[in-house]
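Results of the structural survey
The lines below spell out each chain.
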Amino acid sequence: MDRRELLKSALAGTAALGFPSLLRGQGDKLTVIDGGGTNVVAFSSTDGLVLVDSGAPGNADRIVAALKTFAPNGKVTTLFNTHYHLDHTGNNEQFSSLGAKIIAHEHTRQWMSSDYWVPDEDRYEKARPKAARPTETFQTTGTFKAGTEQIDYGHLPLAHTDGDIYVFFKTSNVLAVGDVASPLRDPALDYFAGAWIGGRVDAMDIILRLSNEQTRIVPASGPVMTRAEFKAERDMMEEVRSRVWKRTLQGDSPKDMLEAGVLNGLSRTWKDPRKFLYDAAQGMFAHHNKLDPAVI
Ligand SMILES: [Zn+2]
């Protein structure tokens with residue numbers, strides 16, 4: 001095991017166990033904190049702390065404690081939200097009340113600003129309180145400098161929701177990609193927000209174009225990934241897209257697809273394949289016009 005492999009396995013191990021893991025880019029400036037089963041990326045600079053996502057509800061104290069260890073005098077100035085889901089925005093209020101601005105895609109702000117229907121659970125989710133909502137939004141891309149670090153961010157359309165973004169710590173070569181990568185959990189498609197497999201593959205291609213072999217890719221939950229691991233997940237998703245599309249054209253239901261083994265022989269297994277195929281099929285129907293103009 002060489003140094004790089006050792007570091008990689010250490011990162012994977014610590015992230016999975018929920019201990020802070022240090023990414024040694026330009027000095028020890030970046031870490032991944034367990035935000036209650038989801039990742040919180042913390043970047044420390046002379047201009048303050050920049051976070052990507054705020055963890056699951058009820059984990060503010062442990063996140064703040066981890067940040068104190070990481071950067072004892074650090075103040076969170078900027079918090080990104082990779083998308084609107086509660087398990088990644090659950091402690092937004094904590095950081096905005098301490099003066100942080102919250103940057104997100106405009107669609108994320110819209111989801112968080114009104115009640116919305118949760119089809120899986122047959123209920124409405126309440127709008128988030130004002131203090132939890134993004135204070136600065138964008139449509140396509142943005143960039144700024146924190147200390148010596150260049151931070152680029154941009155939209156990943158319809159990959160997991162309609163407001164997914166990446167946050168690229170370019171100088172340290174670390175890319176936070178939210179739930180667009182899913183090394184442990186089942187890849188999720190929030191079809192109600194417009195997400196679908198084609199959007200997911202396109203978004204993963206954007207990440208591949210932005211990155212190089214040394215880039216470390218941080219998913220919304222699970223271990224830090226190498227670009228090769230991320231590429232393998234992208235290729236697997238493309239295979240799933242192609243299989244599900246063929247079955248959709250034949251008129252198969254998600255149940256038919258499952259029974260026909262549409263997810264068999266892949267590099268991963270699903271914990272809830274039925275839900276994934278249902279959501280995937282819903283997304284396919286919504287976007288069929290983008291796949292084949294002959295389909296009405
Ligand atoms: Zn999510």
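Residues numbered from 1 in each chain as written. Predicted model: local features only at pLDDT ≥ 70, side-chain atom pairs only at ≥ 80, totals over all residues. Heavy atoms only, no water.

**Some details on the overall build of the chain**
The following threshold applies: Counting from the N terminus, the helices are the DSSP runs of H or I reaching at least four residues and the strands are the DSSP runs of E reaching at least two. With a 1.4 Å probe rolled over the protein chains alone, any residue whose accessible area is under 20% of its type maximum counts as buried; one over 50% counts as exposed, and the rest are partly exposed. Should any heavy atoms of two residues lie within 4.5 Å, those residues are counted as being in contact. Here the open area of atoms and residues is found with the Shrake-Rupley method and a 1.4 Å probe, where only the protein chains shown may cover a residue.
Helix and strand counts for the chain stand at 10 helices and 15 strands. When each of the 296 residues of the chain is scored for burial, the buried share is 54%. Intrachain contacts of the chain at a sequence separation of at least 6 include 62% that bridge at least 24 residues. Taken as a whole, the chain presents about 13300 Å² of accessible surface, with 53% of it coming from carbon and sulfur.

**Structural notes on the confidence of the model for the chain**
Condition: Scored from 0 to 100, pLDDT reflects the predictor's confidence in each residue.
Per-residue confidence for the chain averages 89 on the pLDDT scale, and 88% of its residues sit at or above 70. Considering only residues more than four positions removed or in separate chains, one finds that residues 1-27, a stretch of pLDDT under 50, has 33 contacts.

**With respect to the coordination of the zinc ion**
Selection criterion: Metal donors: N, O and S atoms at distances within 2.8 Å, or within 3.2 Å for Na, K and Ca, with water omitted from the atom set so that some sites may seem incomplete.
Only His 83 (NE2), His 85 (ND1), His 160 (NE2) and Asp 179 (OD) from the protein coordinate the zinc ion, and they sit 2.1 to 2.3 Å from it. For the zinc ion, the donor residues sit on a single chain with the sequence spacing H-x1-H-x74-H-x18-D. With His 85 in the loop between strand E5 (76-80) and helix H3 (86-89) and Asp 179 in the loop between strand E13 (174-178) and helix H6 (197-210), the pair connects residues that are 94 residues apart, well separated along the chain. The exposure classification of His 85 matches that of Asp 179, with both residues buried.

**Considerations on helix H9 (residues 273-286)**
Operational definition: Helix span, expected: 1.5 Å multiplied by one less than the number of residues in the helix.
The terminal C-alpha atoms of H9 lie 20 Å apart, and with 14 residues this matches the ideal 20 Å at 1.5 Å per residue to within 8%. For H9, the full list of buried residues reads Phe 276, Leu 277, Asp 279, Ala 280, Ala 281, Gly 283 and Met 284.

**Concerning the nonpolar core**
Where we set the bar: What we call a nonpolar core is a set of buried Ala, Val, Leu, Ile, Met, Phe, Trp, Tyr and Cys residues that are connected through their side-chain atoms within 4.5 Å.
Core analysis: the largest hydrophobic core is formed by 33 residues, its most contacted members being Ile 197, Ile 207, Phe 230, Val 240, Val 244, Leu 263 and Phe 276. For this core, the elements supplying multiple residues, two or more each, are strand E12 (165-169), E13, H6, helix H7 (227-249) and H9. Discounting residues that sit within four places of it in the chain, Val 240 has contacts with Ile 197, Leu 263, Leu 266, Trp 270 and Phe 276. Formed by 19 residues, the second largest nonpolar core is a distinct cluster that contains Val 32, Ile 151, Val 218 and Val 224.

**Things to note about H7**
Spanning 23 residues, H7 covers 33 Å between terminal C-alpha atoms, matching the ideal 33 Å at 1.5 Å per step. Within H7, burial applies to Arg 227, Phe 230, Glu 233, Arg 234, Met 236, Met 237, Val 240, Arg 241, Ser 242, Val 244, Trp 245 and Thr 248.

**A closer look at the environment of Phe 144**
Take Phe 144: it is sitting in strand E10 (residues 141-146). Classification of Phe 144 by relative accessible area gives partly exposed; the value is 23%.

**Overview of the sheet that holds strand E15 (residues 225-226)**
To keep it simple, the criterion reads: Strand pairing is assigned whenever DSSP identifies at least 2 bridges connecting the two strands. Angles here are taken between N-to-C directions and fall from 0 to 180 degrees, while the axes themselves are lines fitted to C-alpha atoms, restricted in helices to the stretch in contact.
Overall, mixed pairing links the 6 strands, which are arranged E10-E11-E12-E13-E14-E15 in an open sheet. Looking at the sheet topology across the chains shown, the edges are occupied by E10 and E15. Direction of pairing for E10 relative to strand E11 (residues 149-155): antiparallel, over a ladder of 6 bridges. Bridge pairing links Gly 142 to Tyr 153 in E11. Relative to E12, H6 is tilted by about 10 degrees, and along the sheet it contacts E11, E12, E13 and strand E14 (216-219).

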